[in-house]
Amino acid sequence: MAKVVVTAILIVLISEVSKRSSFIGAVLASVPLTSVLAMLWLYIDTGDTGRVKDLASSVFWLVLPSLALFVALTVLLAQGINFYLALAVSIGITAICYWIMVAILRSYGIGL
């Protein structure tokens, strides 16, 4: 339960800060808080640094395709596309980029 509360508080905090300053909100959102929390919770729950290492490695490889969401959303909103449609399309584009990245990594023998 504590995990959910701490995580929710951080997300709400970032959202509230973003209302006042998009720059500070972006800085807070760009810090890999979710990844750090996931690694922290994983370590606390399992005590297994190998699992934390595997998670950190997987996150590293998947950060690149996740950037597609921000690029696509920015472009679509600049074109005047409705926010919800732009978000849905951006998520779809990001999912395709994840699939492509996983396929590329597999072709080089890197499993996630």
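Refer to the preceding data block for the structure.
Residues numbered from 1 in each chain as written. Predicted model: local features only at pLDDT ≥ 70, side-chain atom pairs only at ≥ 80, totals over all residues. Heavy atoms only, no water.

**Q** What's the story with the side chain of Ser 66 in this structure? I'm lost.
**A** Positionally, Ser 66 belongs in helix 4 (residues 49–78). Apart from residues no more than four positions distant in its own chain, Ser 66 is found in contact with Thr 94 and Tyr 98. (Helix = DSSP H or I, 4+ residues; strand = E, 2+ residues; numbered from the N terminus. Contact = heavy atoms within 4.5 Å.)

**Q** Just to check I follow, could you spell out a nonpolar patch on the surface for this structure?
**A** Together, Ile 96, Trp 99, Ile 100, Ile 104 and Tyr 108 line one region of the surface with nonpolar side chains, adding up to about 610 Å² of accessible area. Its place among the elements puts Trp 99 in helix 5 (residues 83–107). (Patch = residues over 30% accessible without salt bridge, like charges linked within 9 Å, V, L, I, M, F, W, Y side chains within 5 Å. Areas by Shrake-Rupley, 256 points an atom, 1.4 Å probe, with all protein chains shown as cover. Salt bridge = Lys/Arg side-chain N within 4 Å of Asp/Glu carboxyl O.)

**Q** It is not clear to me how the packing of helix 1 (residues 2–20) against helix 3 (residues 33–46) should be interpreted in this structure. Could you clarify?
**A** Each packed pair of helices is defined by two parameters, the angle between the axes and the distance between the axes. Here helix 1 crosses helix 3 at 170°, and the two axes come no closer than 11 Å. Taken together, the axes of helix 1 and helix 3 lie roughly antiparallel to each other. Here helix 1 contributes Lys 3, Val 6, Thr 7, Leu 10 and Ile 14 to the contact with helix 3, which in turn contributes Leu 33, Leu 37, Trp 41 and Asp 45. For the contact of helix 1 with helix 3, a count of residues per class yields 6 nonpolar, 1 polar and 2 charged. (Axes fitted to C-alpha atoms, helices over the stretch in contact; angles between N-to-C directions. Parallel < 35°, antiparallel > 145°, perpendicular 65-115°, else oblique. Nonpolar A, V, L, I, M, F, W, Y, C, P; charged D, E, K, R; others polar.)

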